[in-house]
Amino acid sequence: MSEPLTGIATWRPVMQTAGFRCQCTGACGNPHAKSEGRCPHEHDAYTSKHGHRVRLIAAPADALTTVVAAAALPADQLLAWCAPCHTTAARAARRTAARPPSRRRACSSCEPHTPRGVGHEPDVH
């Protein structure tokens with residue numbers, strides 16, 4: 001089994017807890033429906049017959065955690081991630097964080113005194 005050159009004392013317990021399988025349950029945008037809601041990629045396995053070899057990393061569940069903060073986290077606060085899931089989850093988290101808060105259109109259950117449809121977005125309920 002391949003292991004990272006450094007950080008084994010942190011990486012190994014994370015992988016053992018995860019069963020050496022990516023712990024993404026949809027943060028990447030893929031519901032992983034074919035594998036019971038969890039990414040099927042396993043460490044050192046291949047993605048497909050002609051695919052690449054999977055190398056899992058130990059990283060925080062919150063993709064917006066800074067590198068410095070992530071390096072200080074204990075193993076029990078890290079998850080096993082395959083590269084595609086981690087990259088896509090981080091991109092989605094950054095995109096969501098950069099989006100300005102949306103204004104909601106009033107509805108009868110929220111703001112009954114605000115007129116509907118005047119410069120507001122559709123209901124988000």
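Structure: see above.
Now for a quick tour of the structure. Small disclaimer: the values here were computed from a predicted structure and weren't measured. Position labels on residues start from 1 in each chain and follow its written sequence. Where totals are concerned, whole chains, interfaces and linings use all residues; where local detail is concerned, this predicted model gives features only for residues with pLDDT of at least 70, and gives and counts side-chain atom pairs only at 80 or more. Side-chain metrics rest on all non-hydrogen atoms present in the structure, leaving aside hydrogens and water.

1. A short note on the overall build of the chain
Step number 1: Numbering of helices and strands runs from the N terminus; a helix is a DSSP stretch of H or I covering at least four residues, while a strand is a stretch of E covering at least two. Within the chain one finds three helices and two strands.
Step number 2: Traced from its N-terminal end to its C-terminal end, the chain shows the element sequence α-β-α-β-α.
Step number 3: Burial classes follow relative accessibility: with a 1.4 Å probe on protein chains only, a residue under 20% of its type's maximum area counts as buried, one over 50% as exposed, and anything between as partly exposed. Residues classed as buried in the chain amount to 22% of the 125 residues present.
Step number 4: Whether two residues are in contact is decided by their heavy atoms, any of which lying within 4.5 Å being enough. Pairs at least 24 apart in sequence give 41% of the contacts found in the chain among residues at least 6 apart.
Step number 5: Note on areas: Shrake-Rupley, 1.4 Å probe, and residue coverage restricted to the protein chains presented here. Per element, the accessible surface of the chain, about 8500 Å² overall, is 55% carbon and sulfur.

2. Thoughts on the packing of aromatic side chains
Step number 1: Stacked, tilted and edge-to-face are the three classes applied to pairs of Phe, Tyr and Trp rings, where Trp contributes its six-membered ring and a pair requires centres within 6.5 Å; stacked means planes under 30 degrees apart, edge-to-face means over 60, and tilted covers the rest. Within this structure, the stated rule accounts for one aromatic pair.
Step number 2: Between W11 and F20 the ring centres are 6.2 Å apart and the planes differ by 65 degrees, which places this aromatic pair in the edge-to-face class.
Step number 3: Judged by its relative accessible area of 5%, W11 is buried.

3. Details of helix α1 (residues 8-18)
Step number 1: Among the residues making up α1, those that are buried are W11, V14, M15 and A18. The buried residues of α1 occupy an angular sector of 95 degrees when projected down its axis, which confines them to one face. Facing away from the buried surface of α1 by more than 90 degrees, the exposed residues are A9, Q16 and T17.
Step number 2: Elements in contact with the buried residues of α1: β1 (57-60) and β2 (78-81). Directions from the helix axis toward the C-beta atoms define the arc.

4. Quick notes on a positive patch on the surface
Step number 1: On the surface, a cluster of positive charge is made up of R91, R94, R95 and R99.
Step number 2: Within the element layout of this structure, R94 appears in helix α3 (residues 83-98).
Step number 3: A relative accessible area of 48% means that R94 is categorised as partly exposed. Each patch groups residues whose relative accessible area exceeds 30% and which form no salt bridge, using 9 Å between like charges and 5 Å between nonpolar side chains of Val, Leu, Ile, Met, Phe, Trp and Tyr. Whenever Lys or Arg places a side-chain nitrogen within 4 Å of a carboxyl oxygen from Asp or Glu, that contact is recorded as a salt bridge. Counting rule for charge: Lys and Arg are taken as positive, Asp and Glu as negative, and neither His nor the chain ends is counted. The location of each charge is read from NZ of Lys, CZ of Arg, CG of Asp or CD of Glu.

5. Quick look at the pattern of salt bridges
Step number 1: In this structure the tally under the stated criterion is three salt bridges.
Step number 2: For R53, the salt bridge identified is with D44, shortest N-O distance 3.7 Å.
Step number 3: For R55, the salt bridge is made with D44, and the minimal N-O distance between the two is 2.4 Å. Separated by eleven residues along the polypeptide, R55 in the loop between α1 and β1 and D44 in the loop between α1 and β1 bring together distant segments of the chain.
Step number 4: Here the residues in one salt-bridge network are D44, R53 and R55, joined through shared partners.

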